[in-house]
Amino acid sequence: MEIIHTIAWMKEQARQARAENRIVGLVPTMGALHRGHLALIERAKRECSTVIASIFVNPKQFGPKEDFSKYPRTFESDKEKLEQAGVDSLLAPEAAEIYPQGFSSYVQVDGLSERLEGRSRPGHFRGVATVVMKLLQIVQPNFAYFGRKDAQQSRIITQMSRDLNLDSEIVVCPIVREPDGLAMSSRNAYLNAEERKAATVLHRALDAAKNELAAGVRDALQLQTTLRRKLDCERLATVDYAEIIDSESFEPVVRLSEPSYIVLAVFIGKTRLIDNLYIEPKAPGSDELLFHF
Ligand code: PAF
């Protein structure tokens, strides 16, 4: 696996791969890799002939009071995991390479970026969209892979790609979970043993809502009450939001009938975790639902 630190060299390598008619897949990450990231790489390996991963802890997507400086950085073990997974090139630029002196252009996806995560983390999605746009410009992959745990991020990147006529196809991959249901996240590393146990409350709350839906409940308020009741039972949990939203607009729904998400953001101690359940009718117009944890 070649490790690439400069944009010029990454562009050259990607250009060469395209010239050889290779199908190029990009897996952007901030490192601290877990099985969720590795599932993205595996999917890219199945669908592409050249797989490029990036590790860049993007300062522009962290707020001033967020965890940029203490975000887990595990470059050596990440490198090993990517090598073992068969990644061809790893782009690992310094911040000054991505944001040189005088950098002043940003990508803003209006509307979608202001709700939920955007409300709690102002400027977050502007930072995400900008860095992802740059990575897509640099590599120009056929496919770029993102995890559905960050459902709003994936939706915003898909919207950006559509609005700005990007050639890369955005592929959104299922959430990977621990055996007890906790969604894989680099931030799980912040949890102590007691918090780690408490963190399963996100999955437990989603599961309770799923059971209600399976029993025929469609009223969003009733589902929200169930979520809150479960979450409030956990002493270490402080709810930021628990909403039932339309999967396209990310606006709250009153009654669940179209493809939707139940989205959660919950502090466990000081660690903010997110999770979601994607729900869609089994067939258009059908009242039977499919659940994607
Ligand atoms: O999901 C992440 O790890 C980051 O938000 C991403 C997409 C790599 C952009 O920095």
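The structure under discussion appears in the preceding block.
Residues numbered from 1 in each chain as written. Predicted model: local features only at pLDDT ≥ 70, side-chain atom pairs only at ≥ 80, totals over all residues. Heavy atoms only, no water.

Undergrad: Would you explain the overall build of the protein in this entry?
TA: Helix and strand counts for the protein come out as 10 helices and 10 strands. For 293 residues, the compact-globule formula gives about 19 Å, and the C-alpha radius of gyration of the protein, at 19 Å, lands near that figure. Overall, the C-alpha framework of the protein stretches about 55 × 45 × 40 Å when taken along its three principal axes. Counting every position in the protein, which comprises 293 residues, the buried fraction comes to 54%. Taking the contacts inside the protein whose residues are at least 6 apart along the sequence as the reference set, 69% of them involve residues at least 24 apart. Split by element, the accessible area of the protein, about 13900 Å² in all, is 49% carbon and sulfur. (Helix = DSSP H or I, 4+ residues; strand = E, 2+ residues; numbered from the N terminus. Rg over C-alpha atoms; globule rule 2.2 N^0.38 Å. Buried < 20%, exposed > 50% of the residue type's maximum accessible area, 1.4 Å probe, protein only. Contact = heavy atoms within 4.5 Å. Areas by Shrake-Rupley, 256 points an atom, 1.4 Å probe, with all protein chains shown as cover.)

Undergrad: Would you mind showing me how to read unusual backbone geometry here?
TA: Only a minority of non-glycine residues have a phi that is not negative, and only a minority of peptide bonds are not trans. Positive phi outside glycine occurs at Gln140, with the angle close to 45°. Relative to the elements of secondary structure, Gln140 occurs in the loop between helix H6 (124-139) and strand E5 (143-147). On the basis of relative accessible area, Gln140 is assigned to the partly exposed category, the value being 40%.

Undergrad: Whenever I open this one, the site of the ligand confuses me. Can you help?
TA: As a structural note, the neighbourhood of the ligand is formed by Pro28, Thr29, Met30, Asn58, Gln61, Val131, Phe146 and Gln153. Within the side chain of Gln61, one N or O atom sits 2.6 Å away from an oxygen atom of the ligand. Gln153 is positioned such that a nitrogen or oxygen atom in its side chain is 2.7 Å from an oxygen atom of the ligand. Computed on the free molecule, the ligand has an accessible area of 290 Å², of which 88% lies beneath the protein chains in the complex. Classifying every residue of the shell around the ligand by side-chain character gives 4 nonpolar, 4 polar and no charged. (Near = heavy atom within 4 Å. Polar contact = N/O pair within 3.5 Å; in protein donor to acceptor, adjacent residues only side chain to side chain. Nonpolar A, V, L, I, M, F, W, Y, C, P; charged D, E, K, R; others polar.)

Undergrad: Explain the pairing of strand E3 (residues 50-55) here, please?
TA: Both faces of the sheet carry side chains from a regular strand, because those side chains alternate between them. Counting buried residues in E3 gives 6 out of 6 residues, a clear majority hidden from the surface. Relative to E3, strand E2 (residues 24-29) runs parallel, the two sharing 6 bridges. Note that in E3 the partner of Thr29 across the bridge is Ile55. For the handedness criterion, the β-α-β arrangement of E3, helix H3 (residues 75-84) and strand E4 (residues 89-91) is classed as right-handed. (Pairing = 2+ DSSP bridges. Right-handed = clockwise from strand over helix to strand, strands pointing away.)

Undergrad: Looking at this structure, I do not really get the sheet that holds strand E9 (residues 271-281). What am I missing?
TA: The strands that make up a sheet pair up through hydrogen bonds in the backbone, lying either parallel or antiparallel. Strand order across the open sheet formed by 4 strands is E7-E8-E9-E10, with antiparallel pairing between neighbours. Two strands in the sheet have a free side with no partner beyond their single neighbour: strand E7 (237-246) and strand E10 (289-292). Taken pair by pair, the neighbouring strands of this sheet meet at an average axis angle of 15°, ignoring direction. Alignment of strand E8 (residues 260-268) against E9, held across 9 bridges, turns out to be antiparallel. Residue pairing across strands places Phe267 opposite Arg272, the latter belonging to E9. (Axes fitted to C-alpha atoms, helices over the stretch in contact; angles between N-to-C directions.)

Undergrad: Help me out: how do you make sense of the packing of aromatic side chains in this one?
TA: Aromatic ring pairs are described here by two measures, namely the spacing of the ring centres and the angle between the planes. Evaluation of the coordinates by the stated rule reveals 8 aromatic pairs. Ring centres of Phe62 and Tyr71 lie 5.7 Å apart, and the angle between their planes is 75°; this geometry places the pair in the edge-to-face category. Ring geometry for Phe103 and Tyr106: centres 5.5 Å apart, planes at 85°, overall edge-to-face. Grouped by ring-pair contacts, the aromatic residues Phe56, Tyr99, Phe103 and Tyr106 constitute a single cluster. Over the face of the ring belonging to Tyr99 we find Lys60, whose NZ or CZ atom lies 4.7 Å from the ring centre. (Phe/Tyr/Trp six-rings, centres within 6.5 Å; stacked < 30°, edge-to-face > 60°. Lys NZ or Arg CZ within 6 Å of the ring centre and 35° of its normal.)

Undergrad: When you look at H6 in this model, what are you seeing that I'm missing?
TA: For an α-helix, 3.6 residues make a turn, and residues three or four places apart therefore share a direction. The first and last C-alpha atoms of H6 sit 23 Å apart over 16 residues, in line with the 22 Å expected at 1.5 Å per residue. In terms of burial, H6 is largely enclosed, as 14 of its 16 residues are buried. One or two steps after H6, the chain reaches Gln140, where phi turns positive at roughly 45°. (Expected span 1.5 Å × (residues − 1).)

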